[in-house]
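Residue strings, one per chain:
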Amino acid sequence: MRISFSTTGAARAAASILEQYGFSVSQSGKDVVTNCPTLLAAPAIERSIGLELVEGIEFSNGARNGTS
């Protein structure tokens, strides 16, 4: 899953949180790619930095949700 954030700092913070949960994470600019399931990633990001910094989510099948 690829998660796009409004800032690089938000992406960095989210990547750090997901890594702390033990998931594989790769960050490039404002995008974070992870193997973390969506139902775990969303609450973790919401608690740490807030979902308002998420600009979009791209699932492995190429579908994209959010405002991009």
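The structure this text deals with has already been given above.
Residues numbered from 1 in each chain as written. Predicted model: local features only at pLDDT ≥ 70, side-chain atom pairs only at ≥ 80, totals over all residues. Heavy atoms only, no water.

Asker: Explanation requested: helix α2 (residues 38-48) in the structure shown.
Answerer: Those residues of α2 that fall on the buried side of the exposure criterion are A41, A44 and I45. Seen from one end, α2 has its buried residues packed into an arc of 95°, which puts them on one side. Along α2, the residues that are exposed and aim more than 90 degrees away from the buried face are L39, E46 and R47. Where α2 is buried, its residues meet β1 (2-5), α1 (8-20) and β4 (54-58). Looking one or two residues past α2, G50 carries a phi angle of roughly 100°, positive in sign. (Buried < 20%, exposed > 50% of the residue type's maximum accessible area, 1.4 Å probe, protein only. Helix = DSSP H or I, 4+ residues; strand = E, 2+ residues; numbered from the N terminus. Arc of directions from axis to C-beta. Contact = heavy atoms within 4.5 Å.)

Asker: Mind showing me how you'd approach the nonpolar core here?
Answerer: Side chains that are nonpolar tend, in soluble globular proteins, to be buried together. Judged by nonpolar contacts, the single largest core of 13 residues is most densely connected at I3, F5, L18, V25, V32, A41 and I45. The set of elements that each furnish at least two residues to this core consists of β1, α1 and α2. Take this core: its biggest share by element is five residues, from α1. Not counting residues up to four positions away in its chain, the partners in contact with I45 are I3, F5, A14, G50, L51 and V54. (Core = buried A, V, L, I, M, F, W, Y, C linked by side-chain atoms within 4.5 Å.)

Asker: What am I meant to see in the pairing of strand β3 (residues 31-34) here?
Answerer: Remark: a regular strand shows side chains that alternate across the two faces of the sheet. Of the two faces of β3, the one holding V32 and T34 is buried and the one holding D31 and V33 is not buried anywhere. Bridge count for β1 against β3 is three bridges, and the pairing is antiparallel. Bridged to S4 within β3 is D31. In this structure, strand β2 (residues 25-28) lies alongside β3, joined through four bridges in antiparallel fashion. Bridge assignment links Q27 to a residue of β3, and that residue is V32. In this antiparallel pair of consecutive strands, β2 and β3, the connection spans two residues, and G29 shows a positive phi of 65°. (Pairing = 2+ DSSP bridges.)

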